[in-house]
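This is what each chain is made of:
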Amino acid sequence: MNPVKIDRIATTIILGFSALIGVLILSLLGYLLVTGLPNISWHFITSQAESFSRGGGIRDQLFNSVYLLFLTMLVSVPLALCAAIYLSEYAPQNLFTSLIRLAMEVLSSLPSVVVGLFGYLVFVIQWGLDFSLLAGAMALTILNLPLLTRSCENALQQVPSLQRQAGLGLGMSKWRVTTKIVLPAALPGIMTGTILSAGRIFGEAAALIYTSGQSSSVISYSNWNPFSPTSFLNPLRPAETLAVHIWKVNNEGLVPDARAISNGAVVILSLTILFFNLLARFIAHRLSQRQGLIK
């Protein structure tokens, strides 16, 4: 067969499957918006959830998700960045580093429920943290660390080696070349990977059912003492996140409007994750513009 015809047929098949996937994704997003947007209101976002009566909201669950994300990124970003710098700039290419990368690949492919059970056995029971935000953040760190390390390492490796050689040729130390030349050049990729990983863990539920818990204690948003049991900043309190709340309402919800709450919460969760993706693209584009990589 003529190679030109083969190329056209292959291109048509690829475009057809791409269009089909796009239509499916847009249809799913449209269905979620149509069923969920009518249930969203300011009262729904700013009121606390109800256990038995109608009209509850998602205020505490939404804040718990944001706070848990903050705690997770506070731990995982420095660890992932340090590991990526070591693997990309300092580690020799030998069996040890190959085993490290293999371990990261295996760990990143683990189901989140397995990580949640590990967190339950170690953090909740063995370490005595009980169901808490801190236990959930540590479980999400285990889940997030391999992918975040890999994305940071890829961003560092994309920096041309000539820039490193130029810095070393000017008499700069290895650490100074890494911090003053390589890291700024890799910052768009690092920021993109960080924000995308944040969107991924924001919607995590399975790992948090066994670590942060399926209920929330009574908290006060005027209590800024993080050591108080009723403070919203206390990392040792149990906290039901938005994704866990959706799962719980659909499986164990006793409120009459459980379906409406679930649909509204799904839209909030989906739009938040979409915001993370758009923010990652925007920040990467602006940083690339500042560095002159694109016009």
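Residues numbered from 1 in each chain as written. Predicted model: local features only at pLDDT ≥ 70, side-chain atom pairs only at ≥ 80, totals over all residues. Heavy atoms only, no water.

### Some words on the nonpolar core
Thinking step 1. Of all hydrophobic cores here, the largest spans 49 residues; its most connected members are Leu 69, Leu 156, Ile 190 and Leu 242.
Thinking step 2. Listing elements by their share of this core, those giving two or more residues are helix H3 (59-90), helix H6 (133-157), helix H8 (174-202), helix H9 (206-209), helix H10 (242-252) and helix H11 (258-290).
Thinking step 3. For Leu 156, the residues in contact, after removing those within four places along its chain, are Ala 84, Ile 85, Ser 88, Glu 89, Arg 164, Val 182, Leu 183, Ala 186 and Ile 190. (Core = buried A, V, L, I, M, F, W, Y, C linked by side-chain atoms within 4.5 Å. Buried < 20%, exposed > 50% of the residue type's maximum accessible area, 1.4 Å probe, protein only. Helix = DSSP H or I, 4+ residues; strand = E, 2+ residues; numbered from the N terminus. Contact = heavy atoms within 4.5 Å.)

### Some thoughts on the side chain of Thr 72
Thinking step 1. With respect to the helices and strands, Thr 72 occurs in helix H3.
Thinking step 2. Those residues in contact with Thr 72 that sit more than four places away from it in its chain are Ala 137, Leu 140, Thr 141 and Ile 201.

### What to know about the packing of aromatic side chains
Thinking step 1. Taken as a whole, this structure holds 10 aromatic pairs when the rule is applied.
Thinking step 2. Ring centres of Phe 123 and Trp 127 lie 5.1 Å apart, and the angle between their planes is 65 degrees; on these two criteria the pair is classed as edge-to-face.
Thinking step 3. Given the relative accessible area of 5%, Phe 123 is considered buried.
Thinking step 4. Look at Trp 127 and you get exposed, because its relative accessible area is 51%.
Thinking step 5. These aromatic residues form a ring-pair network of at least three members: Phe 63, Tyr 67, Tyr 221, Trp 224 and Phe 232. (Phe/Tyr/Trp six-rings, centres within 6.5 Å; stacked < 30°, edge-to-face > 60°.)

### A word on the pattern of salt bridges
Thinking step 1. Applying the stated rule across the entire model yields five salt bridges.
Thinking step 2. Each of Arg 101, Glu 105, Arg 150 and Glu 153 takes part in a single network of salt bridges with overlapping partners. (Salt bridge = Lys/Arg side-chain N within 4 Å of Asp/Glu carboxyl O.)

### Some words on empty space enclosed by the protein
Thinking step 1. With the rule as written, the count across this model stands at one cavity of 30 Å³ or more.
Thinking step 2. Along its surface, the largest cavity is lined by Ser 65, Leu 68, Leu 69, Leu 140, Ile 201, Phe 202, Glu 204, Leu 208 and Thr 241.
Thinking step 3. Broken down by secondary-structure element, the contributors of at least two residues to the lining of the largest cavity are H3 and H8.
Thinking step 4. No other element matches H3, which puts three residues into the lining of the largest cavity.
Thinking step 5. Residue composition of the lining of the largest cavity, by class: six nonpolar, two polar and one charged. (1 Å grid on protein atoms, 1.4 Å probe; cavity = no way out; pocket = protein on both sides within 12 Å on 5 of 7 lines; lining within 4 Å. Points joined across faces, edges and corners; volume = space filled by probe spheres on them. Nonpolar A, V, L, I, M, F, W, Y, C, P; charged D, E, K, R; others polar.)

### Considerations on the environment of Thr 46
Thinking step 1. Along the chain, Thr 46 falls in helix H2 (residues 42-46).
Thinking step 2. Judged by its relative accessible area of 32%, Thr 46 falls in the partly exposed class.
Thinking step 3. Note: C-alpha distance between Thr 46 and Gly 199 (153 residues apart in sequence) is 22 Å.
Thinking step 4. Polar contacts involving the side chain of Thr 46 include one to the main-chain carbonyl oxygen of Trp 42, which spans 2.6 Å. (Polar contact = N/O pair within 3.5 Å; in protein donor to acceptor, adjacent residues only side chain to side chain.)

### Digging into a nonpolar patch on the surface
Thinking step 1. On the surface, Ile 9, Ile 13, Phe 17, Leu 20 and Leu 24 cluster together into a nonpolar patch covering about 510 Å² of accessible area.
Thinking step 2. Looking at the secondary structure, you find Leu 20 in helix H1 (residues 3-36).
Thinking step 3. Leu 20 sits in the partly exposed class, given a relative accessible area of 46%. (Patch = residues over 30% accessible without salt bridge, like charges linked within 9 Å, V, L, I, M, F, W, Y side chains within 5 Å. Areas by Shrake-Rupley, 256 points an atom, 1.4 Å probe, with all protein chains shown as cover.)

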